[in-house]
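# Commentary on secondary and tertiary structure
Residue-level listing of the chains:
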Amino acid sequence: MFHSFFPRPKLFFTSAALWSLVCIVVWYTVGPQIGTAIGLPPLPAGEKPPIGLAFFFTTDNLWFYIYFTVFVLIFGGTWKLIERHHRWSNWSIWGSAFIVFIAYFAVQISVAVNNWRGPFWDLIQKAMSKEPGVTTSLLYEYQLRFLEIGVLSIVLNVVTAFFTNHYVFRWRQAMNDYYLSKWDRLRHIEGASQRIQEDTMRFANILEGLGVTLINSVMTLVVFLPLLFRMSDNIGDLPIIGAVPHALFWLAIGWSLFGTALLAFAGIKLPGLQFRNQRVEAAFRKELVYGEDNPDRADPVTVGELFGNVRRNYFRMYWHYLYFNVARYTYGQLDAIFLTTILIPTFVAGKLTMGLWQQVATAFGQVSDSFQYLVSYWSTIIELLSIHKRLKAFEAAIDGQPLPEIDQRYLEREAEGGELAADKPY
């Protein structure tokens, strides 16, 4: 799955994670000093960033673009020297780096919008209170600044969709070519054709979606956690607890980790059931395919028992999804009012303006959503895990390792004449 597309996957991803950590540490420690030394200093303390398109051309942002490019070239160049003959290294190394950058840039767009929200909504509040100094031309100007960000967001979304579609198909092609080159070892595995045609497609598509979202979540945390940390100074006492330094920062982390742990515990059985569901569906489908050419196959008793296996597994899944959905939707409803409830004493004390409230709510939501990655995508992760289990049988066959127990049972029944129907564990 990974070896076909990435050079030495375990070492590649481990080194990428460590190199990313080094980049982050350097950026937040000596990064500003280096930027200042080359004439690209950060904004002075207390100075608000520009609104609109100008935000992306501030000196600290320009310095980050250079910084990111240099670190990517060092990492990618080293791997190109190590694996210069790997067929897909350009896509897997440089393509992955580009996806990381556009994920970061998407977060920067969210920051730009949040910078716009504060002064805009403060002006709206003043206008509604009939305070002097607010004109229609000023409000229209702010709308134009928002439109600038919106146009950039559209361009970024189009480029992201186009590039990631090509990236995913290259990954699928790499898996497809690799598995077909080992077809003589794989063709006896249950549903081999489906695994190559469908599972590789679904695996690449799902992993691309989850991967981009995960990168976006990490980038969001890197950018918005410091903002939320600073914004917590404007928050008063919390209900019941009282005053807590940097309250929003700790609440966002604690509440999100609670939701993640809750959903992970409630859905712990679902990956195995999804995997078994693919098994029983494949067995049912395969018997019907055999019956198209062989009158001795797909008799009513056999297909009836096979469909009975499908029915039992689906009903078992429905039960486990019942309590999983209770946990998921309950948490979702509580999450919708969590921040507002926490800030009621601050509202009453009059410590938040409309603009600041918009910025706090956005920053808290960004951090909370990023930490709730498993909460938001647990169902998709379950599907990915089930596909991963099916493709792992291919990996075992290619490497000459014992197949998973369920695949071994399948081959034993094929040798006995294809009697899969009565095997209830399917």
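Residues numbered from 1 in each chain as written. Predicted model: local features only at pLDDT ≥ 70, side-chain atom pairs only at ≥ 80, totals over all residues. Heavy atoms only, no water.

Let us now look at the overall build of the protein chain. Looking only at helices and strands, one finds 14 helices and zero strands in the protein chain. Listing the helices and strands of the protein chain from first to last along the sequence gives α-α-α-α-α-α-α-α-α-α-α-α-α-α. Buried positions account for 43% of the 426 residues belonging to the protein chain. A separation of at least 24 residues holds for 78% of the contacts in the protein chain among residues at least 6 apart in sequence. Of the roughly 22,300 Å² of accessible surface on the protein chain, a fraction of 65% belongs to carbon and sulfur atoms. (Helix = DSSP H or I, 4+ residues; strand = E, 2+ residues; numbered from the N terminus. Buried < 20%, exposed > 50% of the residue type's maximum accessible area, 1.4 Å probe, protein only. Contact = heavy atoms within 4.5 Å. Areas by Shrake-Rupley, 256 points an atom, 1.4 Å probe, with all protein chains shown as cover.)

Attention now goes to the UniProt feature "transmembrane region" (unreviewed entry) in the protein chain. According to UniProt, the positions carrying the feature "transmembrane region" (unreviewed entry) are residues 12-30, 62-79, 91-113, 149-169, 203-227 and 247-268. The distance from the first to the last C-alpha atom of residues 149-169 is 30 Å, and the span holds 100% helix and 0% strand. (UniProt positions renumbered as here; feature names shortened; annotations may be inferred.)

Summarising the element assignment, Tyr314 is placed in helix H10 (residues 300-342). Among the residues examined, Tyr314 registers a relative accessible area of 25% and is labelled partly exposed. Between the C-alpha atom of Tyr314 and that of Asn277, which follows or precedes it by 37 residues, the distance is 7.1 Å.

Here the structure, examined in full by the defined rule, presents four salt bridges. Here Asp177 and Arg87 are joined by a salt bridge, their closest N and O atoms 3.1 Å apart. Of this pair, Asp177 sits in helix H5 (residues 136-181) while Arg87 sits in the loop between helix H3 (59-82) and helix H4 (89-128), and the two are 90 residues apart along the sequence. With relative accessibility at 59%, the residue Arg87 sits in the exposed group. (Salt bridge = Lys/Arg side-chain N within 4 Å of Asp/Glu carboxyl O.)

Before going further, it helps to examine the side chain of Glu83. For Glu83, the position within the fold is in the loop between H3 and H4. What makes Glu83 buried here is its relative accessible area of 17%. Here the side chain of Glu83 touches Arg8 through a polar contact of 2.7 Å, side chain to side chain. Contact partners of Glu83, with chain neighbours within four places excluded, come to Pro7, Arg8 and Ser89. (Polar contact = N/O pair within 3.5 Å; in protein donor to acceptor, adjacent residues only side chain to side chain.)

This part takes up the packing of aromatic side chains. As enumerated under the stated definition, the model contains 45 aromatic pairs in all. Their ring planes at 85° and their centres at 6.5 Å tell us that Tyr167 and Trp171 sit as a pair that is edge-to-face. Remark: Trp171 and Tyr167 occur in helix H5; sequence separation between them is four residues, near one turn of the helix. Tyr167 sits in the buried class, given a relative accessible area of 6%. (Phe/Tyr/Trp six-rings, centres within 6.5 Å; stacked < 30°, edge-to-face > 60°.)

The relative placement of two packed helices is expressed as an angle between their axes plus a distance between the axes. Here helix H1 (residues 9-29) crosses H3 at 150°, and the two axes come no closer than 11 Å. In this view, H1 runs roughly antiparallel relative to H3, as classed from their interaxial angle. The element H1 and its partner H3 pack so that their crossing is right-handed. The residues of H3 that touch H1, namely those facing Leu11, Phe12, Ser15, Ala16, Trp19, Val22, Cys23, Val26 and Trp27, are Asp60, Trp63, Phe64, Tyr67, Phe71, Ile74, Phe75 and Trp79. Class assignment for the residues of the contact of H1 with H3 results in 15 nonpolar, one polar and one charged. (Axes fitted to C-alpha atoms, helices over the stretch in contact; angles between N-to-C directions. Parallel < 35°, antiparallel > 145°, perpendicular 65-115°, else oblique. Left-handed = near helix turned anticlockwise from the far one by under 90°. Nonpolar A, V, L, I, M, F, W, Y, C, P; charged D, E, K, R; others polar.)

The next point concerns the nonpolar core. With 51 residues, the main nonpolar core has Phe56, Phe224, Leu228, Leu248, Leu343, Phe364 and Val367 as its most contacted residues. At the level of secondary structure, the elements contributing two or more residues to this core comprise H1, H3, H4, H5, helix H7 (192-231), helix H8 (247-266), H10 and helix H12 (354-371). For this core, the element with the highest residue contribution is H4, accounting for nine residues. Those residues in contact with Leu343 that sit more than four places away from it in its chain are Ile235, Leu248, Leu352, Trp357 and Val360. Core analysis: the second largest hydrophobic core is formed by 27 residues, Phe5, Ile93, Ala204 and Ile206 among them. (Core = buried A, V, L, I, M, F, W, Y, C linked by side-chain atoms within 4.5 Å.)

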